[in-house]
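A closer look at the structure
Each chain, written out:
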Amino acid sequence: MAAAPPLKLPSKLPSPKRTSSNGSPRKPRSLSIVALKQNGSLRSHGTPGLRVAFQGSTGAYSEFAAKTACPDCATVPCRSFADAIAAVERDRADRAIVPVESTMEGTALRNYDHLLRHDLRIVQEINLFVHYCLLAMPGVRTAELRRVISHPMALAHCGRALERLGVDREAVEDTAGAVEMLRSEQMLDTAAIASPRAAVIYGLDVLAGGLQDESWNVTRFLLLSKLPEPLPPSSAGKMKTSMVVAHRGGSMTVLLKILSAFSSRDISLTKLEINNPTMEGKGPVIILDVRSPAMLKTFPHVLYVDFEGSIEDEKVKEAIDEISSFSVFVRILGCYTADPHIYDLH
Ligand SMILES: O=C(O)C(=O)Cc1ccccc1
């Protein structure tokens, strides 16, 4: 895998609006949670009662992102991201939300892998500032800590702070799940890294805030749907398209051809990530070819490409046709309105 280029959100979003999704950044919103039981038909983002599945427990960052994207939705906690996808596939949720990249760590390839194996489409993106706090059981002091637990991304984003603390690190499924675990097992030598809101929800003490190694810490989430949605009107804002290009050899040649197809038509790329897992001794990338009959295919080389424009634009169609003619596999992952905001929920 090529080194993941950090997301350059400041330059992509010239004057990002740090927006509180509820108009009051400090006040926790009450979240409505539904169990994984209901049946229902597909609803659009704005519809009250839309069910959005996320990986984690109540208070996870993904849940905040879901509430930001669809303020009136009911969130559906799931044990894993695979379960969140399954919830949508089995109509127990209308959408799934997934963190796919962060300014500090680049692309979360594991989550992309899940996305590629299923027939879901990206229908919206959400950029969220992520602030991490160190949370412990009431009364516990920092000097008493031996261990810190959290989601792997949170542990990675707070590496320097954890080194200074000199504690063991343990990865768990999600940040809020870590807080829940502290609470239910009454752990007195362990802290969790999670949001200030998780501290309020679970009644823990905040021992420290701003734990992330870099203050500019934005995570990009994608909202996924089972069925295609009508493209938003052009008045809704700039459109963006995500696609995957997979092939069996000559990464550099394919890369140059892709760049040429886009640059010759003046189409701006907002993401370009090369994934060559077999070069690291890992298995190939598995992608569902959604054309009929749908089938799983394996590829040693994959490129994730996001660009400005809609699949209905003539020049975008031409670029995709040109790329498809290079004996590569192309799948459009979604076409959606580019999010001009960076939401701040701390
Ligand atoms: O664990 C969570 O709370 C999540 O939603 C995953 C995550 C972790 C860290 C940053 C963004 C999302």
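These figures come from a predicted structure and were not determined experimentally. (Residues numbered from 1 in each chain as written. Predicted model: local features only at pLDDT ≥ 70, side-chain atom pairs only at ≥ 80, totals over all residues. Heavy atoms only, no water.)

Here we look at the confidence of the model for the protein chain
On average, the protein chain scores 86 in pLDDT, and the residues at 70 or more come to 86%. Predicted confidence is poor over residues 1-43, with pLDDT under 50, and the contacts of this stretch with residues over four places away or in other chains come to 103 contacts. Of the two predicted TM-score estimates for the complex, the pTM is 0.86 and the ipTM is 0.98. (pLDDT = per-residue confidence, 0-100. Contact = heavy atoms within 4.5 Å.)

So, the site of the ligand
Near the ligand the following residues occur: Ala60, Tyr61, Ser62, Tyr132, His151, Met153, Asp174, Thr175, Thr219 and Phe221. A distance of 2.8 Å separates an oxygen atom of the ligand from a polar backbone atom of tyrosine 61. Within the complex, 99% of the 320 Å² of free accessible area of the ligand lies under protein. Taken atom by atom, the bulk of the ligand overlaps the largest pocket. Here the shell around the ligand is built from residues that sort into five nonpolar, four polar and one charged. (Near = heavy atom within 4 Å. Polar contact = N/O pair within 3.5 Å; in protein donor to acceptor, adjacent residues only side chain to side chain. Areas by Shrake-Rupley, 256 points an atom, 1.4 Å probe, with all protein chains shown as cover. 1 Å grid on protein atoms, 1.4 Å probe; cavity = no way out; pocket = protein on both sides within 12 Å on 5 of 7 lines; lining within 4 Å. Sits in = over half its atoms within 2 Å of the grid points. Nonpolar A, V, L, I, M, F, W, Y, C, P; charged D, E, K, R; others polar.)

Some points on the environment of isoleucine 342
Relative to the helices and strands, isoleucine 342 resides in strand S19 (residues 341-344). Spatially, the C-alpha atoms of isoleucine 342 and phenylalanine 129 are 6.5 Å apart, while their sequence positions differ by 213 residues. (Helix = DSSP H or I, 4+ residues; strand = E, 2+ residues; numbered from the N terminus.)

Some remarks on the nonpolar core
One finds Ile97 and Ile193 to be the most contacted residues of the largest nonpolar core, which totals 50 residues. By residue number, the principal contributor to this core is helix H2 (residues 61-69), which donates five residues. Sequence-distant contacts of isoleucine 97, defined by excluding residues within four places in its chain, comprise Val52, Ala53, Phe54, Ser62, Ala65, Ala66, Phe81, Ile126, Phe221, Leu222 and Leu223. The next biggest cluster of nonpolar side chains, apart from the first, holds 30 residues, and it includes Ala53, Ala84, Leu116 and Phe329. (Core = buried A, V, L, I, M, F, W, Y, C linked by side-chain atoms within 4.5 Å. Buried < 20%, exposed > 50% of the residue type's maximum accessible area, 1.4 Å probe, protein only.)

Considerations on helix H7 (residues 175-184)
Thr175, Ala176, Gly177, Ala178, Val179 and Leu182 are the residues of H7 that are buried. Measuring from the side-chain oxygen of the N-cap residue of H7 to the backbone nitrogen of alanine 176 gives 3.2 Å; that N-cap residue is aspartate 174. Following H7 by one or two positions, glutamine 186 adopts a phi angle in the positive range, close to 50°.

Regarding the pattern of salt bridges
Taken as a whole and judged by the stated rule, the model has 17 salt bridges. Two residues, glutamate 101 and arginine 220, come together in a salt bridge whose shortest N-O distance is 3.1 Å. Of this pair, glutamate 101 sits in strand S4 (residues 95-102) while arginine 220 sits in strand S12 (residues 218-225), and the two are 119 residues apart along the sequence. Of the two residues examined, glutamate 101 and arginine 220, each falls in the buried class. Overlapping salt bridges, with partners in common, bring together Glu101, Glu125, Arg220, Lys240, Lys271 and Asp306 in one network. (Salt bridge = Lys/Arg side-chain N within 4 Å of Asp/Glu carboxyl O.)

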